[in-house]
Amino acid sequence: MAEYTISAASGDDWPVIPRDAFPAVLQPQSIACDSVEGDGDHSFRTGNTTVSASWELASTWYVHVDGAPSLDAADAIVAEMARQLGEATGVTANYYRITD
């Protein structure tokens, strides 16, 4: 399992994203994903990979990626999540892998 944070580049808090918008904002649009029950505020699967995202603090999303075929694949998923979060909120996003 790899763990990540996604935060605003400015260090500011994220704007509130309505829960019903999570699939459109958090699930990478470039790959087939299905929402699933799981830990965190929103979870989805793509292939054999399960991703859970939690808005733990107003300034940070925590993301857990389990079952990715490689760290590069996990990084790509989270990079797209960060990009989409930034586009949806108008905030530049940074992501960091905190464990692998």
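Keep in mind that this is a model prediction, so the values were computed, not measured.

### Focus: the nonpolar core
Across soluble globular proteins, nonpolar side chains have a tendency to be buried as a group. By size, the foremost hydrophobic cluster in this structure holds 24 residues, and its most contacted members are I6, W14, W61, V63, M81 and L85. Of all the secondary-structure elements, those providing two or more residues to this core are β1 (2-8), α1 (22-26), β4 (49-57), β5 (60-66) and α2 (71-89). No other element matches α2, which puts six residues into this core. Ignoring anything within four residues of it in the chain, the contact list for W61 reads Y4, T5, I6, W14, I17, F22, L26, A53, S54, W55 and L85.

### Quick notes on α2
Here α2 is 19 residues long and its end C-alpha atoms lie 27 Å apart, about the 27 Å a rise of 1.5 Å per residue gives. Taken residue by residue, α2 has A74, D75, I77, V78, E80, M81, A82, Q84, L85, G86 and T89 as its buried positions. For α2, the elements touching its buried residues are β1, α1, β3 (42-46), β4, β5 and β6 (93-99). At the exit of α2 stands G90, carrying a positive phi of roughly 75°.

### Thoughts on the sheet that holds β5
The six strands are arranged β2-β3-β4-β5-β1-β6 in an open sheet whose pairing can be described as antiparallel. Each edge of the open sheet carries a strand with a single partner, namely β2 (34-36) and β6. The mean angle between the axes of side-by-side strands here comes to 30°, regardless of whether they run parallel or antiparallel. Where β4 lies against β5, seven bridges are found, and the strand directions are antiparallel. Along β5, the bridge assignment pairs A53 with V63. Strand contacts of α2: β1, β3, β4, β5 and β6, with the helix running at about 20° to β1, the strand carrying the most contacts.

### Some points on the pairing of β5
Bridge count for β1 against β5 is six bridges, and the pairing is antiparallel. By the bridge assignment for β5, S7 is matched with T60. Remark: two residues form the turn of the hairpin made by β4 and β5, two consecutive strands paired antiparallel.

### A few points about the pattern of salt bridges
Close approach of charged atoms allows side chains of opposite charge to pair. If you walk through the whole model with that rule in mind, you get four salt bridges. The salt bridge partner of R19 is D41, with a shortest N-O separation of 3.5 Å. Remark: D41 occurs in the loop between β2 and β3 and R19 occurs in the loop between β1 and α1; sequence separation between them is 22 residues. The exposure class of R19 is exposed, given its relative accessible area of 54%. On the basis of relative accessibility, which here comes to 27%, the residue D41 falls in the partly exposed class. Of the charged contacts, one joins E87 and R83 as a salt bridge, the two residues approaching to 2.7 Å between their closest N and O atoms. Taken as a pair, E87 and R83 lie in helix α2 at a separation of four residues, close to a single helical turn. By relative accessible area, E87 is classed as exposed at 57%. Overall, the relative accessible area of 41% leaves R83 in the partly exposed class.

Here is what the cut-offs are and how they apply
Residues numbered from 1 in each chain as written. Predicted model: local features only at pLDDT ≥ 70, side-chain atom pairs only at ≥ 80, totals over all residues. Heavy atoms only, no water. Core = buried A, V, L, I, M, F, W, Y, C linked by side-chain atoms within 4.5 Å. Buried < 20%, exposed > 50% of the residue type's maximum accessible area, 1.4 Å probe, protein only. Helix = DSSP H or I, 4+ residues; strand = E, 2+ residues; numbered from the N terminus. Contact = heavy atoms within 4.5 Å. Expected span 1.5 Å × (residues − 1). Pairing = 2+ DSSP bridges. Axes fitted to C-alpha atoms, helices over the stretch in contact; angles between N-to-C directions. Salt bridge = Lys/Arg side-chain N within 4 Å of Asp/Glu carboxyl O.

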